[in-house]
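Residue-level structure breakdown
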Amino acid sequence: MGSEHLGDRLARLRRLADLTQEGLAERSGVSADVIRKLEQKRKHSARLPTLHALSRGLGVELTALLGDPPGVPSTGEADPPQLVAVRRAIMPPLFAPPPEPTGVERLSLPLLRREIADAWTLYHDAEFGRVMDVLPGIIADARFAAAVGNADEKAAGQAALGKALQLAGHLAIRLGKTDLALSALERAMNAASESSDPLLPAMISNSVAWNYQRQNRLDDAGHLAVYAADRVEHEQGNTAEGLKVWGGLIMSAATSAARSGDYDTANEMMTTAEDATKRLAALPPPADGKMVSVFSKSSVRIERVRLAVQHARPEEALALAKGMRLSADTPPSWRTWLLLDVARAHADLGDAEGAVKALERLRRIAPGWMRHHTLAVAIVSDLWAGPSHPPGLRKLAEFLGVAN
């Protein structure tokens, strides 16, 4: 896909969306003349706002239009402009001048933290193109905040910088750029060590552990998560923030154990984590829940379902998922994982109809995440190749480009 001309990608995605050039123009606000010139290769590039508008009109991520779809390893092709900007923000050029604020006036720390929290929400909503848009400016503002003011102000700025770089690491992992992610997370850890947030190093350790898992460094991931969890439990275990961070690390350690083949240890860790969620109800809630780890009874149960599916225990997975009531703060990304795992469990049991129902629900609540997940394509491909095509399967196959 990376070698395609922009016009070829635009035409292909427009046809997949069943739109004429005029129809896409109406949905995107981009003139039909511009669309025509791009598809006829009389125009070889477009400004980012135009590409954003086209991607929204097509109902795809911007990276799909640029030729670098999310969630896949690098093909060796040149990175799209948005990703280049993120790389530059993570790793500023050598001998660059001191950081400057991106706006006319310096952002206040509360406003900066709100922008970072909003960017995390975009990430959990699978709005990766929009995250790439805003992240370079946020990182630049955070670098400036970390470099000016008195000691307390600099420490607060370092906390913002660490959280922004952590998000950059998560985004890079989702884009399949695990080495770039590690660079971002190493810089995030450096900022965290100078910050005013005692839990930030542990949260970033959890992100690093996830990156190690994606690189199949399971022992490294497990040891890091357990070490960080022990420190949090000893130093911050009596607060809701500390308990959430500790719980996230325990879940991460369990995932590493499960992927190493030790399901019993993983299940024991998950049970311990689920028991700990009962303590959250008795503690004052975090002041800013968007800035701490995702940990709740819902998230633990979702992870337990996933591990059961990965270890070929579909009946156990469906039993764990039955009757689940997700908490209101469960991010769309976690809801996506649950529905994908439920679909896979049904498919593994030969229940194509049950799998399709789960996938149809996923398409209704999180179409962006469904397009992003290679597991969704794999499940639908398997169902499409099978003997039974229950109602709704064709639409799912067409939505994901699986149908012939």
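Residues numbered from 1 in each chain as written. Predicted model: local features only at pLDDT ≥ 70, side-chain atom pairs only at ≥ 80, totals over all residues. Heavy atoms only, no water.

A short note on helix α11 (residues 200-214)
Short version of the rule: In DSSP terms, a helix is any run of H or I states spanning at least four residues, a strand is any run of E spanning at least two, and both are numbered starting from the N terminus. To estimate the expected span of a helix, count its residues, drop one, and scale the result by 1.5 Å. Think of it in three bands: with a 1.4 Å probe and only protein chains considered, a residue is buried below 20% of the maximum accessible area for its type, exposed above 50%, and partly exposed in between.
In this model, α11 (15 residues) spans 21 Å end to end at C-alpha, consistent with the 21 Å of a helix rising 1.5 Å per residue. Across the 15 residues that make up α11, a large majority, 13, are buried. Asn216 sits one or two residues past α11 and shows a positive phi near 65°.

Some remarks on the nonpolar core
Our working definition: Definition used in this section: a nonpolar core is a set of buried Ala, Val, Leu, Ile, Met, Phe, Trp, Tyr and Cys residues joined via side-chain atoms within 4.5 Å. Whether two residues are in contact is decided by their heavy atoms: any pair within 4.5 Å suffices.
The biggest cluster of nonpolar side chains holds 109 residues, and the ones touching the most others in it are Ile139, Leu171, Leu249, Leu359, Met370, Val380 and Leu383. Here the element with the most residues in this core is helix α13 (residues 240-259); it accounts for 11 residues. In this structure Leu359 touches Leu340, Ala343, Met370, Ile379, Val380, Leu383 and Leu396, once residues within four positions along its chain are discounted. Core analysis: the second largest hydrophobic core is formed by 16 residues, Leu13, Leu24, Leu58 and Leu65 among them.

Describing helix α7 (residues 109-124)
Along its 16 residues, α7 runs 23 Å from first to last C-alpha, staying within 8% of the 22 Å computed at 1.5 Å per residue. Considered for burial, the residues of α7 that qualify are Leu112, Ile116, Ala117, Ala119, Trp120, Leu122, Tyr123 and His124. Downstream of α7 by a residue or two, Ala126 has a phi angle that is positive, lying close to 65°.

Some remarks on the packing of helix α15 (residues 297-310) against helix α16 (residues 314-321)
Think of two packed helices as two axes; the pair is described by the angle between the axes and how far apart they sit. Put simply, the test is: Lines fitted to the C-alpha atoms define the axes, with helices restricted to the stretch that makes contact. Angles between their N-to-C directions range from 0 to 180 degrees. Any angle that falls under 35 degrees is termed roughly parallel, while one over 145 is termed roughly antiparallel, one within 65 to 115 roughly perpendicular, and all others oblique. Crossing chirality is assigned from the near helix's rotation relative to the far helix, an anticlockwise turn below a right angle marking it left-handed and a clockwise turn marking it right-handed. All amino acids are sorted into three groups, where Ala, Val, Leu, Ile, Met, Phe, Trp, Tyr, Cys and Pro are nonpolar, Asp, Glu, Lys and Arg are charged, and the leftover types, Gly among them, are polar.
Direction vectors running N to C along α15 and α16 enclose 165°, while the axes themselves pass 7 Å from each other. When the axis of α15 is compared with that of α16, the two are roughly antiparallel. Two packed elements cross with a definite hand, and for α15 against α16 that hand is left-handed. Listed contacts from α16 to Arg301, Arg304, Val305, Ala308 and Val309 of α15 are Glu316, Ala317, Leu320 and Ala321. Within the contact of α15 with α16, the residues separate by chemical class into six nonpolar, no polar and three charged.

Some points on the packing of α11 against α13
Relative orientation of the contacting elements α11 and α13 amounts to 15°, with a least axis distance of 9 Å. Taken together, the axis directions place α11 and α13 in an arrangement best described as roughly parallel. In the packing of α11 onto α13, the handedness of the crossing is left-handed. Here Ala202, Met203, Asn206, Ala209 and Gln213 of α11 lie close against α13, whose contacting residues are Val245, Gly248, Leu249, Ser252, Thr255, Ser256 and Arg259. Tallied by class, residues from the contact of α11 with α13 come to five nonpolar, six polar and one charged.

Topic: the pattern of salt bridges
Put simply, the test is: Any carboxyl oxygen of Asp or Glu that lies within 4 Å of a side-chain nitrogen of Lys or Arg is treated as forming a salt bridge with it.
Within the structure shown, the criterion is met by 16 salt bridges. With a closest N to O distance of 4.0 Å, Asp33 and Arg36 form a salt bridge. Remark: Arg36 and Asp33 occur in helix α3 (residues 32-39); sequence separation between them is three residues, near one turn of the helix. Given the relative accessible area of 35%, Asp33 is considered partly exposed. The class for Arg36 is partly exposed, based on a relative accessible area of 25%. Residues Lys37 and Asp33 are paired through a salt bridge, measuring 3.3 Å at the closest nitrogen-oxygen approach. Of this pair, Lys37 and Asp33 both sit in helix α3, separated by four residues, roughly a single helical turn. A relative accessible area of 29% places Lys37 in the partly exposed class. Salt bridges sharing common partners tie together Glu22, Asp33, Arg36 and Lys37.

By themselves, these observations are geometric and do not establish any function.
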